[in-house]
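# Per-entry structural report
In case you want the letters, here they are:
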Amino acid sequence: MKIAVIGLGAMGTPMAENLLKSGDHSLRIFDLDREKVKSLEEKGAEGFATAAEAAETADIILTSLPNDAILKSVLSGENGVIQTCSAGSVIVDLSSVSPATAIEMAGEAKAKEVGYLDSPVSGGVAGAVAGTLTIMAGGEETDFSKALPVLEIIGKKINRIGGVGSGDAVKIVNNLLLGCHMAALSEALKLGESCGLTKEKMFEIIRESSGASYVLNAKMEKFIIPAAFDGGFAVDLQKKDLNLALDTAKQAGMSLEITEKARDLFADASEAGLGAKDMSVVTTLKK
Ligand code: NAD
């Protein structure tokens, strides 16, 4: 199959590398950053001057882009991917964006007889490198079947959740929990330290107790105890995901008070210049 990959960042590049390594597919690539295109060209991919050209004859078009506005600018409009790609091809958006954007983009794609799956991923850069991402897809069964052989190269646990938008919905629910759990852990550690407990002792006891969580297990030994916050899942991405949850709730006429407080914590970290650090850096903030 011919596969286009648009967006060759921390996630897109290792996914493209795994597709190349599989040897089963030819790869058409685009990123605004020419250096990223060049390094994959050296490994056998074909670079193009625009996203629309990369998508033109592809069977499956993968996008891994920073946010809703950029995704829309790449897919939509006169010079967008949807205008140029072939009828019968399937756009698989691997970015974390809102369900509303997925539904809008899928509608435009359908008008051109192009399939669409919102397929956000979980597992981070390490999962992208290892080809073990969890993929949560929303869209029609026929489009999912067409994309599955490609998704099986980049991911391990691949689920079709339901119709378009359901993949992004489950992703933002997951990341709402991730962000709120992190904010709660940060508050809990501060309380414990004010009582004279060390982080090491709290981790030793709580990891075996009812207060344990994914963030406790994933973040304490690796980032929080050594106070080393490079790599991992960036504060700015977590802030973006909590904002997606808040925007989606607003559209549904709901307010999410705990999520709002957690978002403010990540916004504070971002303003303090810590936006690229692992999300657990919020444990170092004063408040
Ligand atoms: P990134 O910032 O590393 O990469 C984004 C890439 O998109 C960059 O290479 C950038 O040059 C490119 N780009 C920006 N605008 C473009 C345009 N108009 N046309 C073409 N390319 C353009 O981001 P990432 O960490 O790879 O994340 C990508 C998506 O995956 C995001 O939606 C993110 O929320 C999601 N995600 C990231 C992780 C993670 O751990 N990094 C985990 C799960 C999901």
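Everything discussed here concerns the structure shown above.
Notes on the structure follow. (Residues numbered from 1 in each chain as written. Predicted model: local features only at pLDDT ≥ 70, side-chain atom pairs only at ≥ 80, totals over all residues. Heavy atoms only, no water.)

All right, on to the pattern of salt bridges then. Side chains that differ in sign of charge can pair as their charged atoms come close. Applying the stated rule across the entire model yields eleven salt bridges. Among the salt bridges present, the one from lysine 43 reaches glutamate 17, with a minimum N-O distance of 2.7 Å. Here lysine 43 is found in the loop between α2 (34-41) and β3 (46-47), whereas its partner glutamate 17 is found in helix α1 (residues 12-22), with 26 residues between them in sequence. The exposure class assigned to lysine 43 is partly exposed, which follows from its relative accessible area of 49%. Residue glutamate 193 is joined to lysine 199 by a salt bridge in which the shortest nitrogen-to-oxygen separation is 3.1 Å. When its relative accessible area of 35% is taken as the criterion, glutamate 193 is described as partly exposed. (Salt bridge = Lys/Arg side-chain N within 4 Å of Asp/Glu carboxyl O. Helix = DSSP H or I, 4+ residues; strand = E, 2+ residues; numbered from the N terminus. Buried < 20%, exposed > 50% of the residue type's maximum accessible area, 1.4 Å probe, protein only.)

For the ligand, the set of nearby residues contains 23 residues, the closest of which are Ala10, Met11, Asp31, Lys36 and Leu65. A distance of 2.6 Å separates an oxygen atom of the ligand from a polar side-chain atom of aspartate 31. A total of 830 Å² of accessible area belongs to the ligand in isolation, and the protein chains cover 85% of it. The cavity where the ligand resides is the largest pocket. Sorting the residues of the shell around the ligand by element identifies α4 (68-75), α7 (124-130) and α12 (235-251) as the ones contributing at least two each. (Near = heavy atom within 4 Å. Polar contact = N/O pair within 3.5 Å; in protein donor to acceptor, adjacent residues only side chain to side chain. Areas by Shrake-Rupley, 256 points an atom, 1.4 Å probe, with all protein chains shown as cover. 1 Å grid on protein atoms, 1.4 Å probe; cavity = no way out; pocket = protein on both sides within 12 Å on 5 of 7 lines; lining within 4 Å. Sits in = over half its atoms within 2 Å of the grid points.)

Across a regular strand the side chains alternate sides, sitting on one face of the sheet and then on the other. Residues Ile60 and Leu62 point to one face of strand β4 (residues 60-63) and Ile61 and Thr63 to the other, with burial holding for every one of them. Bridging between strand β1 (residues 2-6) and β4 involves four bridges; their strand directions are parallel. Each residue of the ladder has a partner; that of valine 5, found in β4, is leucine 62. In this sheet, strand β5 (residues 90-93) lies alongside β4 in parallel orientation, the contact comprising four bridges. Bridging from a neighbouring strand, isoleucine 60 pairs with valine 90 of β5. (Pairing = 2+ DSSP bridges.)

What follows concerns the side chain of serine 89. Mapping serine 89 onto the fold places it in the loop between α5 (81-84) and β5. Overall, serine 89 belongs to the buried group, its relative accessible area being 2%. Within the structure, the side chain of serine 89 is placed 2.6 Å from the backbone oxygen of serine 86, a separation counted as a polar contact. Beyond its immediate stretch of four places on either side in the chain, serine 89 contacts Ala58, Asp59, Ile61, Val114 and Gly115. (Contact = heavy atoms within 4.5 Å.)

Another point: the layout of surface pockets. By volume, the largest pocket is sized at about 1,400 Å³. Around the largest pocket sit 49 residues that line it, and Met11, Gly124, Val125, Phe233 and Leu237 are the ones nearest its centre. Listed by contribution, the elements that provide at least two residues to the lining of the largest pocket are α3 (51-55), α4, β7 (121-122), α7, α9 (166-194), α11 (214-224) and α12. Approximately 340 Å³ is the volume attributed to the second largest pocket. Around the second largest pocket, the lining is made up of 13 residues, and of these Ala183, Glu187, Lys261, Ala262 and Leu265 lie nearest the centre. (Points joined across faces, edges and corners; volume = space filled by probe spheres on them.)

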